[in-house]
Amino acid sequence: RQSNNGGLSSIRDDGFKARRRMMMLRRGSIKSATFLLTTQAVVAFQPARHVIARRLAATAALPPHLADVKAQIETESAILVDCREPDEWAAGHFASARLVPYFSELERGAVPADLLAETNRVFVHCKAGVRSQRAAAVLRDRGVDAVSIDEGFGDLCMMDFDDVVRPEA
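Here the structure is a predicted model, which means the values were calculated and not measured.

What counts and what doesn't
Residues numbered from 1 in each chain as written. Predicted model: local features only at pLDDT ≥ 70, side-chain atom pairs only at ≥ 80, totals over all residues. Heavy atoms only, no water. Core = buried A, V, L, I, M, F, W, Y, C linked by side-chain atoms within 4.5 Å. Buried < 20%, exposed > 50% of the residue type's maximum accessible area, 1.4 Å probe, protein only. Helix = DSSP H or I, 4+ residues; strand = E, 2+ residues; numbered from the N terminus. Contact = heavy atoms within 4.5 Å. Pairing = 2+ DSSP bridges. Right-handed = clockwise from strand over helix to strand, strands pointing away. Disulfide = S-S within 2.5 Å. Polar contact = N/O pair within 3.5 Å; in protein donor to acceptor, adjacent residues only side chain to side chain.

Right, let's get into the nonpolar core. Formed by 16 residues in total, the largest nonpolar core has its most connected members in Leu106, Leu115, Val122, Val124 and Leu139. Contributions of two or more residues to this core are made by strand S4 (121-125) and helix H7 (130-141). Sorting elements by how many residues they give to this core places H7 first, with 4 residues. In contact with Leu106, other than residues within four places in its own chain, are Val100, Pro101, Val111, Ala135, Val138 and Leu139. Counting 15 residues, the second-largest nonpolar core is a separate cluster that includes Ala78, Phe123, Cys157 and Phe161.

Structural data, given as C-alpha cells:
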C-alpha cells in the first residue's frame, strides 16, 4: 500500500485494524477477516450523528418553530433570555438576548424583578438545551410564561437565528 506521508498512516491504520480484529474475534462477532476489512472502511468514514445534524442545520432553512420564536422576538411580543454564564456570554451572544445566568442566579432563586413582571412570553436558550429547560422551569414556577429552546447556542448560530455579538479581537 502506498502512503503520502512516508508510511506513518499505514502503520497507524494497521495497528487500529489489528486491535479491532482482536476485539471482534474475542466477541465472536466476525467470521472472517474479509468481513472485518469491508466493515472497517464503512466504520472509518461514517461521521458522528451530531456532525451530520450540524451539517444539515447549516444548509437548511430555519425550522418553523424557531422561525415563529424569531418572529415573536422581532415584534417584541416575546423576549430572549440567555441562561449561560457570564464568561460564555462574553465569548459571544445573540444581539436580542438578555443575560440571566442559571447557575449564579436562577438556580439560587434570584430572578430579576423586571423579568418577574414580564407579561410577554420568555424564550430561554443556553449552550446545549439542558440549562434552558431548568431555567424555564424555575421561571414558570415564579409565574413567568417561559419556554425553553431545545437547540443550543452553536446550533442556533449555524441556523442564523439572530445576529451574534462577538468580542473584538
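Moving on, we get to the pairing of S4. Counting buried residues along S4, 4 of its 5 residues qualify, which places the element largely inside the surrounding structure. By the bridge criterion, 5 bridges tie strand S1 (residues 78-82) to S4 in an arrangement that is parallel. Bridging from a neighbouring strand, Leu80 pairs with Phe123 of S4. Bridge count between S4 and strand S5 (residues 146-148): 3 bridges; the pairing is parallel. By the bridge assignment for S5, Val122 is matched with Ala146. Handedness of the β-α-β unit built from S4, H7 and S5 comes out right-handed.

A few words on the state of the cysteines. Across all of its chains, the model carries 0 disulfides by this definition. Looking at Cys126, it has no disulfide partner, and the nearest cysteine sulfur is the one in Cys83, 4.7 Å off.

Let's shift gears to unusual backbone geometry. Here the phi dihedral of Glu76 falls at roughly 60 degrees; this positive angle occurs in a residue that is not glycine. The phi torsion at Asp160 lies on the positive side, around 55 degrees, for a residue other than glycine. For Asp160, the location among the structural elements is in the loop between helix H8 (153-158) and strand S6 (164-165). Judged by its relative accessible area of 58%, Asp160 falls in the exposed class.

Tracing the chain through its elements places Gly143 in the loop between H7 and S5. Among the residues examined, Gly143 registers a relative accessible area of 63% and is labelled exposed. The spacing of Gly143 and Thr119 is 24 residues in sequence and 9.8 Å in space, taken between C-alpha atoms.

What follows deals with the side chain of Ser148. Within the secondary structure, Ser148 sits in strand S5. Given a relative accessible area of 17%, Ser148 falls into the buried group. Among the polar contacts made by the side chain of Ser148, one reaches the side chain of Ser132 at a distance of 2.8 Å. Within the structure, the side chain of Ser148 is placed 3.4 Å from the backbone nitrogen of Gln133, a separation counted as a polar contact.

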